[in-house]
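# Fold and geometry: a report
Each chain, letter by letter, is given below.
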Amino acid sequence: MEFSEVIRRRRMVRHYSDKPLAPEVVERILASALRAPSAGFSQGWAFLALTDPADRARFWPFVPVRVEKTPTMQDAPLVVVPLAHKEAYLDRYAEPGKGWEDRSEDHWPAPYWYIDTGMAALLMLLTAVDEGLGACFFGIMPDHIRPFREEFGVPDEYAPIGALTIGYRATDLPPQSPHVEERRRDAGEVIHRGNWGRHG
């Protein structure tokens, strides 16, 4: 698929068929995350991939609102939880030659461990579209993070930034709400050229 078409077709898909994914497709999606940029090539991320139905069933109690609103998300054959590892960044930039001598977070203009892990998640979303699939990114609410960690053995230093569902779109996938296009901000509104407030 042409990249411009991948971008055009990307949307959050919440209704899936139960058609399984070929193992090589799953591996291509997961591998794409590793090509995301990361500050200092810190690669401070990890990905919990859930393909076994029993493992996916263990995940859904930690996103009860999502299940209540769109139960068909549970039909997705792949769930991925991207995890950000802040310590990897603090350690990397305290190494000789990186300019900082300590691990203080005060050096950082933004939490790149979350930004980079988010970009890795986006690459998986785009790869899913390129594979002819649907995907959705959604959050895990704070009060469910601790029990999620305990259920899946995720160490405390790895922070889940959300989760992705990936699979074949349901044949009766509802059309996208017209309100999406009504609310979409156009380039003339959000791109400032040369100076804030200059759009032309």
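This write-up is about the structure you can find in this document. Note that the structure is a prediction, hence the values are computed from the model and not measured.

The rules behind each value
- Residues numbered from 1 in each chain as written.
- Predicted model: local features only at pLDDT ≥ 70, side-chain atom pairs only at ≥ 80, totals over all residues.
- Heavy atoms only, no water.
- Buried < 20%, exposed > 50% of the residue type's maximum accessible area, 1.4 Å probe, protein only.
- Helix = DSSP H or I, 4+ residues; strand = E, 2+ residues; numbered from the N terminus.
- Arc of directions from axis to C-beta.
- Pairing = 2+ DSSP bridges.
- Axes fitted to C-alpha atoms, helices over the stretch in contact; angles between N-to-C directions.
- Left-handed = near helix turned anticlockwise from the far one by under 90°.
- Contact = heavy atoms within 4.5 Å.
- Nonpolar A, V, L, I, M, F, W, Y, C, P; charged D, E, K, R; others polar.
- Core = buried A, V, L, I, M, F, W, Y, C linked by side-chain atoms within 4.5 Å.
- Phe/Tyr/Trp six-rings, centres within 6.5 Å; stacked < 30°, edge-to-face > 60°.
- Expected span 1.5 Å × (residues − 1).
- Salt bridge = Lys/Arg side-chain N within 4 Å of Asp/Glu carboxyl O.

For the rest of this paragraph, the subject is helix 7 (residues 142-152). Of all the residues in helix 7, the buried ones are His144, Ile145, Phe148, Arg149 and Phe152. Relative to the axis of helix 7, the buried residues are bounded by an arc of 145° and lie together on one face. Away from its buried face by more than 90 degrees, helix 7 exposes Asp143 and Glu150. One or two steps after helix 7, the chain reaches Gly153, where phi turns positive at roughly 70°.

For the rest of this paragraph, the subject is the pairing of strand 5 (residues 163-167). Most of strand 5 is tucked away, with 5 of its 5 residues classed as buried. Every second residue of strand 5 is oriented toward a common face, with Ala163, Thr165 and Gly167 on one face and Leu164 and Ile166 on the other, all of them buried. Pairing of strand 2 (residues 78-84) with strand 5 involves 3 bridges; the strand directions are antiparallel. Looking across to strand 5, one finds that Leu78 is bridged to Ile166. Pairing of strand 3 (residues 134-138) with strand 5, which is carried by 5 bridges, proceeds in the antiparallel orientation.

Here we take up the packing of helix 2 (residues 23-33) against helix 6 (residues 112-130). Relative to each other, helix 2 and helix 6 sit at 145°, their axes nearing to 7 Å. Remark: the crossing between helix 2 and helix 6 carries right-handed chirality. Along the contact surface, helix 2 presents Arg28, Ile29, Leu30, Ser32 and Ala33, while helix 6 presents Ala120, Leu123, Met124, Thr127 and Ala128. For the contact of helix 2 with helix 6, the per-class residue count stands at 7 nonpolar, 2 polar and 1 charged.

The next subject is the side chain of Arg11. Its place among the elements puts Arg11 in the loop between helix 1 (3-9) and helix 2. Residue classification places Arg11 among the buried residues on the basis of a relative accessible area of 19%.

The next thing to look at is the nonpolar core. Most often, soluble globular proteins have nonpolar side chains that are buried together. Among the nonpolar cores identified, the biggest contains 23 residues, and Phe59, Val81, Phe138, Phe148 and Phe152 are the most heavily contacted of them. Elements that contribute at least two residues to this core include exactly strand 1 (45-50), strand 2, strand 3 and helix 7. Filtering out sequence-adjacent residues up to four positions away, Phe138 remains in contact with Phe59, Trp60, Val63, Arg66, Met73, Gly162, Ala163, Leu164 and Thr165.

Under the definition given, this model contains 16 aromatic pairs. Ring centres 6.2 Å apart and planes at 80° place the aromatic pair Phe62 and Phe148 in the edge-to-face group. With Phe62 in the loop between helix 3 (53-59) and helix 4 (64-69) and Phe148 in helix 7, this residue pair connects regions lying 86 residues apart in the sequence. Here the two residues Phe62 and Phe148 agree in accessibility, since each one is buried.

What sets the pattern is the α-helix's 3.6 residues per turn: residues three or four places apart point alike. For helix 6, with 19 residues, the first-to-last C-alpha span of 27 Å sits near the 27 Å given by 1.5 Å per residue. Among all positions in helix 6, only Trp113, Asp116, Thr117, Ala120, Ala121, Met124, Leu125, Leu126, Thr127, Ala128 and Val129 are buried. Gly132 occupies a position one or two residues after helix 6 and carries a positive phi of about 80°.

Enumeration over the complete set of coordinates arrives at 10 salt bridges. Here Arg103 ties to Asp91 by a salt bridge, and the two come within 2.7 Å at their closest N and O atoms. With a gap of 12 residues between them, Arg103 in the loop between helix 5 (86-92) and helix 6 and Asp91 in helix 5 connect regions that are remote in the sequence. You can call Arg103 partly exposed: its relative accessible area is 36%. Residue Asp91 is classed as partly exposed on the basis of its relative accessible area of 40%. Close ionic contact of Arg185 with Glu189 constitutes a salt bridge, the shortest N to O distance being 3.4 Å.

Here Phe41, not a glycine, exhibits a phi torsion of approximately 50°, which is positive. Position of Phe41 among the secondary structure elements: in the loop between helix 2 and strand 1. For Phe41, a relative accessible area of 57% gives the class exposed. Phi at Gln43 takes a positive value of approximately 50°, unusual for a residue other than glycine. With respect to the secondary-structure elements, Gln43 resides in the loop between helix 2 and strand 1.

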